[in-house]
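# Descriptive structure summary
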Amino acid sequence: MADTIVDAVSRALDEAPERNFRETVDLAINLRDLDLNDPSKRVDESIVLPAGTGQETQIVVFATGETALQAEDVADRVMDGNDLEDLGDDSDAAKDLADETDFFVAEADMMQDIGRYLGTVLGPRGKMPTPLQPDDDVVEVVNRMKNTVQLRSRDRRTFHTRVGAEDMSADEIAENIDVIVRRLEATLEKGPLNIDGVYVKTTMGPSVEVRA
């Protein structure tokens, strides 16, 4: 299947019109024979892309002390308990932060307060933080997340995820797609039978079918 993926990616890249900005490469996935009104049947997976996302991934860490100091070297923003309370009092600021951030990480002992102050904002967006246990290396966790995408269908049969950028090679993007499709097939109730189609495209380019 990998050759087919490389061919599809190459076509998507070749057929994309010239733009004056760096386009992302996205994957559109169509599902079938699933009752997505049942939350247990929905797709909600975090996947580390072997070739990276090709894009900046915005990561916010909620932490204190030594963990916060370490996180400052790798995260886009580090926030403490006071910042958390401030966000709880300013729903607009909380929503802005949630919308511009790809992933949140938080020390495990802050999760209860995050649920209290930001649960209603982050929960519906599927962005509740990844809990950081005391023996976890925050630098390692954040660096891994920089290459992570979220595969989330919610209640829609068609959904999208980022698989790279136009200046990555077709082989790199194909490798990312292969990992996503394999995870999807392993996750879905009937595996490949629940996939109606997979398409790859640049931001403004035409869709090219990866597989039926």
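Residues numbered from 1 in each chain as written. Predicted model: local features only at pLDDT ≥ 70, side-chain atom pairs only at ≥ 80, totals over all residues. Heavy atoms only, no water.

## So, the pattern of salt bridges
Convention followed: In what follows, salt bridge is the name for a side-chain nitrogen of Lys or Arg lying within 4 Å of a carboxyl oxygen of Asp or Glu. Secondary structure is summarised from DSSP: a helix means a run of H or I of at least four residues, a strand means a run of E of at least two, and numbering begins at the N terminus for each.
Tallied over the entire structure, the rule returns nine salt bridges. Residue Asp38 is joined to Lys41 by a salt bridge in which the shortest nitrogen-to-oxygen separation is 3.9 Å. Of the charged contacts, one joins Arg125 and Asp99 as a salt bridge, the two residues approaching to 2.8 Å between their closest N and O atoms. Of the two residues, Arg125 is situated in the loop between α5 (111-122) and β6 (130-132) and Asp99 in helix α4 (residues 91-100); the sequence distance between them amounts to 26 residues.

## Observations concerning the domain arrangement of the protein chain
Here is the rule: How far each domain reaches was decided by an automatic or database domain assignment.
The domain boundaries assigned to the protein chain delineate domain 1 (1-43 + 153-210) and domain 2 (59-145). A straight line from the C-alpha centre of domain 1 to that of domain 2 covers 29 Å.

## With respect to the nonpolar core
As a reminder, the rule being used: Nine residue types can take part in a nonpolar core, namely buried Ala, Val, Leu, Ile, Met, Phe, Trp, Tyr and Cys, and a core is a set of them joined through side-chain atoms within 4.5 Å. Using a 1.4 Å probe on the protein chains alone, a residue whose accessible area is under 20% of its type maximum counts as buried, one over 50% counts as exposed, and one in between counts as partly exposed. Contacts: residue pairs with any heavy atoms within 4.5 Å of one another.
Leu27, Ile177, Ile180 and Val200 are the most contacted members of the largest nonpolar core, which has 32 residues in total. Those residues in contact with Ile180, other than ones at most four positions away along the chain, are Leu27, Ile29, Ile47, Leu49, Val149, Leu151, Thr161 and Val163. By size, the runner-up hydrophobic cluster in this structure holds 16 residues, among which are Leu84, Met111, Leu118 and Val121.

## A closer look at the sheet that holds strand β5 (residues 103-107)
What counts here: Strand pairing is assigned whenever DSSP identifies at least 2 bridges connecting the two strands. As a rule, the C-alpha atoms of each element are fitted with a line to give its axis, helices using only the stretch in contact, and angles between N-to-C directions run from 0 to 180 degrees.
Taking strand neighbours across the sheet as the criterion, the four strands line up as β4-β3-β5-β6 in an open arrangement whose pairing is parallel. What marks the edges here is a single partner per strand, and that holds for β4 (77-79) and β6. Put simply, the sheet's adjacent strands are angled 25 degrees from each other on average, direction ignored. Of the pairings in the sheet, the one linking strand β3 (residues 59-62) to β4 comprises three bridges and is parallel in character. Bridged to Val61 within β4 is Val78. Docked against the sheet, α5 engages β3, β5 and β6, running at close to 160 degrees with respect to β5.

## Quick notes on helix α7 (residues 170-187)
Note the following rule: By definition here, a helix of n residues has an expected span of 1.5 Å times n minus one.
In a regular helix each residue adds 1.5 Å, so 18 residues correspond to 26 Å; α7 covers 26 Å between its end C-alpha atoms and thus fits that length. Taken together, the buried positions of α7 are Ala170, Ile173, Ala174, Asn176, Ile177, Asp178, Ile180, Val181 and Leu184.

## Points about the environment of Gly164
Its place among the elements puts Gly164 in strand β8 (residues 158-165). The class for Gly164 is buried, based on a relative accessible area of 0%. Apart from the residues lying within four places of it in its own chain, the contact partners of Gly164 are Thr24, Val25 and Thr53.

## Quick notes on unusual backbone geometry
Not every positive phi belongs to a glycine, and Asp33 is a case in point at roughly 55 degrees. Relative to the helices and strands, Asp33 is located in the loop between β1 (24-31) and β2 (44-48). The class for Asp33 is exposed, based on a relative accessible area of 54%. Phi at Arg154 is positive, roughly 50 degrees, even though this residue is not glycine. Considering the arrangement of structural elements, one finds Arg154 in the loop between β7 (148-152) and β8. According to the relative accessible area criterion, Arg154 is partly exposed, its value standing at 32%.

## With respect to α4
Defined as follows: In this description, one arc is meant: the one made by directions from the helix axis to the C-beta atoms.
For α4, the full list of buried residues reads Ala94, Leu97 and Ala98. In an axial view of α4, the angular spread of the buried residues amounts to 100 degrees, which keeps them on one side of the axis. Seen from the buried face of α4, the exposed residues on the opposite side, beyond 90 degrees, are Asp92 and Asp99. Taken together, the buried residues of α4 touch β3, β4, α3 (81-89), β5 and α5.

## Details of the side chain of Asn194
Note the threshold: In protein, a polar contact means a hydrogen-donor-capable atom and an acceptor-capable atom, both N or O and within 3.5 Å, with residues adjacent in sequence counting only if both atoms are side-chain atoms; elsewhere, any N or O pair within 3.5 Å suffices.
Relative to the elements of secondary structure, Asn194 occurs in the loop between α7 and β9 (195-202). Side-chain polar atoms of Asn194 contact the backbone nitrogen of Glu189, separated by 3.4 Å. With sequence-adjacent residues up to four places away left out, Asn194 is seen in contact with Asn30, Leu31, Arg32, Asp33, Leu34, Leu188 and Glu189.

## Topic: the pairing of β5
Taken across its five residues, β5 has five buried, putting it largely inside the fold. Of the two faces of β5, the one carrying Phe103, Val105 and Glu107 and the one carrying Phe104 and Ala106 are both buried. With four bridges connecting them, β3 and β5 associate as parallel partners. Looking at the pairing, Val61 lines up with Val105 of β5. Note: β5 against β6, three bridges, orientation parallel.

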